[in-house]
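Letter by letter, the chains look like this.
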Amino acid sequence: MGEEKVTKSTAEISLSGFVIEAEDAEKMARESGAATVEDLLPSLVPAAMRLVRAPISRFPVGAVGLGLSGRIYVGVNLEFEGLPLNHSVHAEQFLISNAAAAGEAGMRCIAVSSVPCGHCRQFLQEVRGAPEIRILVTADGPNAAFRTISSLLPRPFGPPDLLHKGVPLLLEIHDNDLGAIPEANGGDAKCNGGEAVGMDRRLRTAAEAAARAAHAPYSACAAGFAVGDRKGRVYAGSYAESAAYNPSLSPVQAAMVAMVAAGGEEEVVAAALVEKDKAIVSHESTARIFLAAVAPGAHLSVYRYRPSDVV
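Since the structure is predicted, the reported quantities are computational estimates derived from the model, not experimental observations.

Before going further, it helps to examine the sheet that holds strand β3 (residues 72-76). Taken in spatial order, the six strands of this open sheet run β1-β3-β2-β4-β5-β6, and their pairing is mixed. The two strands at the open ends of the sheet, each matched to only one other strand, are β1 (19-20) and β6 (147-148). Pairing of strand β4 (residues 107-112) with strand β5 (residues 134-137) involves four bridges; the strand directions are parallel. The partner of Ala111 across the bridge, within β5, is Leu136. Together, β1, β2 (62-67), β3, β4 and β5 form the strand contacts of helix α2 (residues 37-49), whose direction differs from that of β2 by roughly 150°.

If you want it as C-alpha cells, here you go:
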C-alpha cells in the first residue's frame, strides 16, 4: 500500500509563536497538505485569531504574512482598555512591525481574516513594492483568492509622493543618526521590585537601538521605546511613520507588539523613550498617557538625542 497523506484541519493547526522560520514553514505546509507555503497561510489565520487581544471591540482580526525570506509572520489586533481607540494596533500593523523587528526585507503576500480597512491599506504603502503585495481575505469563503493591494487601493498616496527614490522604506535597513544622547530627564529608571531592579541601562540600550532602526522619513524624528517587566525582560519597538501621518505606528505601540509577540505577560515596571531633542514629533506625552492606563506604577525615563550635525 502507498503512504497515506494525512492533512490537518484549520481547527487543529496551532501557532507556537509569532514568527515561523522558513524551514519550519515548509514543513508545516507539507504536513498540512498545502501545495506551497503561500497556500498554507489561510489555514493559519484561525490560529492567529485565537491570539488576539481585543477587550473593547471583541472583534478578532488575525493576519499571517509570507516574507521574502520565506519566514511567516503573525499579526493580531491589540486594544487597550482605558485608552483612546487610536492607541489600538491593527493586525496588519502588528504583522509588519513584527516582521521589521525580525529583520525581514519585504513581504510577498498576506492572508487576513477580514478585509483590510483603509488605515491598513495606507500603512502597507510604506513597504517597497506595496502595490504588488497580495492579500487574501479568509472571510470571503472557500473561493477566497489572493489579490493585489493595488486592487484594494487603486490610486494610493504614499512614499513616492513625498520621498526621493533612494530613501529606505519600511522593512529596509535604517541607521538613523542619533548623535549625542545625554542622561535621561529625572535620572535613570527606578524599577519597582523583583528582578527588574537595575534594568535602566538595558532599557536605554534597547530604546536607542529601536530609534536607530525607526522609519521616520517624513518628520526626521526617529524614536524608540522600550519596556521592562517584573522578571527583568525588555521589549522594544521602533517608530514607523506613514506618508498619510495618521496610520503611523508609535514606538509605544511597536513595543507592545514586541512584548505580545515574545509572549510577555508580566507587569511593566519601567520604560525608556529615546527621541530627538526639540522634536517636532514627540512621543513623551503619548508614552505617559499609555503607561498611566496600562502600567501606572512604571517609571519612564526620556533620553533626547541631538543629531551629529547639530551637536
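On to the state of the cysteines, then. In the structure shown here, the tally under the stated rule is zero disulfides. Cysteine Cys120 remains unbridged, with the sulfur of Cys117 as its closest cysteine sulfur at 3.8 Å. Taking relative accessible area as the criterion, Cys120 reaches 1% and is therefore assigned buried.

Under the defined criterion, the tally for this structure stands at 12 salt bridges. Ionic pairing is found between Arg134 and Glu38, a salt bridge with its closest N-O pair at 2.8 Å. Within this pair, whereas Arg134 is found in strand β5, its partner Glu38 is found in helix α2, the two being separated by 96 residues in sequence. Between Arg306 and Asp277 there is a salt bridge; the shortest N-O distance is 3.4 Å. Separated by 29 residues along the polypeptide, Arg306 in the segment after β10 (299-305) and Asp277 in the loop between β9 (268-276) and α9 (284-294) bring together distant segments of the chain.

Time to look at the sheet that holds β9. The four strands are arranged β8-β7-β9-β10 in an open sheet whose pairing can be described as mixed. Each edge of the open sheet is held by one strand with a lone partner, namely β8 (234-238) and β10. Ignoring strand direction, the axes of neighbouring strands in this sheet form an average angle of 15°. Pairing analysis gives seven bridges linking strand β7 (residues 223-229) to β9, with the strands arranged antiparallel. Pairing of Gly224 across the sheet is with Val274, part of β9. Strands β7, β8 and β9 of the sheet are contacted by helix α8 (residues 251-261), whose axis makes an angle of about 135° with β8.

The subject of this paragraph is the nonpolar core. Ranked by internal contacts, the top residues of the largest apolar core, which has 71 residues, are Ile72, Ile96, Met107 and Phe225. Judged by nonpolar contacts, the second largest core, of 19 residues, contains Leu178, Met199, Ala214 and Ala226.

This part is about the confidence of the model for the protein. Counting all residues, the mean pLDDT for the protein is 92, and 91% of those residues have values of 70 or more. Ignoring residues within four places in sequence, the model shows residues 1-6, a span with pLDDT below 50, making three contacts including any to other chains.

Rules and cut-offs
Residues numbered from 1 in each chain as written. Predicted model: local features only at pLDDT ≥ 70, side-chain atom pairs only at ≥ 80, totals over all residues. Heavy atoms only, no water. Pairing = 2+ DSSP bridges. Helix = DSSP H or I, 4+ residues; strand = E, 2+ residues; numbered from the N terminus. Contact = heavy atoms within 4.5 Å. Axes fitted to C-alpha atoms, helices over the stretch in contact; angles between N-to-C directions. Disulfide = S-S within 2.5 Å. Buried < 20%, exposed > 50% of the residue type's maximum accessible area, 1.4 Å probe, protein only. Salt bridge = Lys/Arg side-chain N within 4 Å of Asp/Glu carboxyl O. Core = buried A, V, L, I, M, F, W, Y, C linked by side-chain atoms within 4.5 Å. pLDDT = per-residue confidence, 0-100.

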